[in-house]
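Each chain, written out:
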Amino acid sequence: MRRFLLPGVCLVLMIVTRTLDGHISYKGYKVVRVSVTKDADRQLVYEWSDSERIRILNEVFGGFLDTLISPKQYDSVLALLNEHSMQFKILNDDIGADLETEQSNDLRTAKNSFDFKSYHSVK
């Protein structure tokens with residue numbers, strides 16, 4: 001059985017589609033928790049991950065897999081989940097928007113952060 005020890009959000013930051021300017025864009029990506037109560041269901045989701053339909057972020061105790069799904073794959077993955085009668089819940093409708101907000105907050109904080117040299121200027 002595969003297990004991922006990193007929290008989902010950290011793994012999202014490590015995963016990959018870079019734009020030409022070097023920034024990572026997850027605009028429209030959804031984080032979906034899939035209930036995998038049967039081993040066959042778990043195996044099927046891992047197969048989708050191997051075929052790059054989804055990315056598995058975390059395996060949650062109790063028979064759940066947290067997944068990252070691109071906007072291009074969302075409709076087909078949703079159809080597969082329904083076809084196999086797997087229950088799921090959208091945890092985040094647009095992880096890209098949350099990451100952009102967090103990044104802009106970090107930049108604002110960096111501009112206003114404490115600077116020892118400017119506070120204790122040498123005269």
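Residues numbered from 1 in each chain as written. Predicted model: local features only at pLDDT ≥ 70, side-chain atom pairs only at ≥ 80, totals over all residues. Heavy atoms only, no water.

J.: For this particular structure, what's the right way to read the sheet that holds strand 3 (residues 64–69)?
T.: Two modes of strand pairing occur in sheets, parallel and antiparallel, and in both the strands are linked by backbone hydrogen bonds. Taken together, the four strands give an open sheet; going across it, the order is 2-3-1-4, and neighbouring strands pair in antiparallel fashion. Strands with a single pairing partner mark the edges of an open sheet, and in this sheet they are strand 2 (55–60) and strand 4 (88–92). Going across the sheet, the axis of each strand differs from the next one's by a mean of 25°, ignoring polarity. Where helix 2 (residues 39–50) meets the sheet, its contacts fall on strand 1 (30–35), strand 2 and strand 3, and the angle it forms with strand 2 comes to roughly 150°. (Pairing = 2+ DSSP bridges. Helix = DSSP H or I, 4+ residues; strand = E, 2+ residues; numbered from the N terminus. Axes fitted to C-alpha atoms, helices over the stretch in contact; angles between N-to-C directions. Contact = heavy atoms within 4.5 Å.)

J.: For this particular structure, what's the right way to read the nonpolar core?
T.: Across soluble globular proteins, nonpolar side chains show a tendency to be buried alongside one another. The biggest cluster of nonpolar side chains holds 16 residues, and the ones touching the most others in it are Val34, Val45, Trp48, Ile54 and Met86. Looking at this core, the elements that each hand over two or more residues are strand 1, helix 2, strand 3 and helix 3 (71–83). Contact partners of Met86, with chain neighbours within four places excluded, come to Val34, Ser35, Asp41, Leu44, Val45, Trp48 and Leu81. (Core = buried A, V, L, I, M, F, W, Y, C linked by side-chain atoms within 4.5 Å. Buried < 20%, exposed > 50% of the residue type's maximum accessible area, 1.4 Å probe, protein only.)

Bear in mind that shape data such as this cannot, by itself, settle questions of function.
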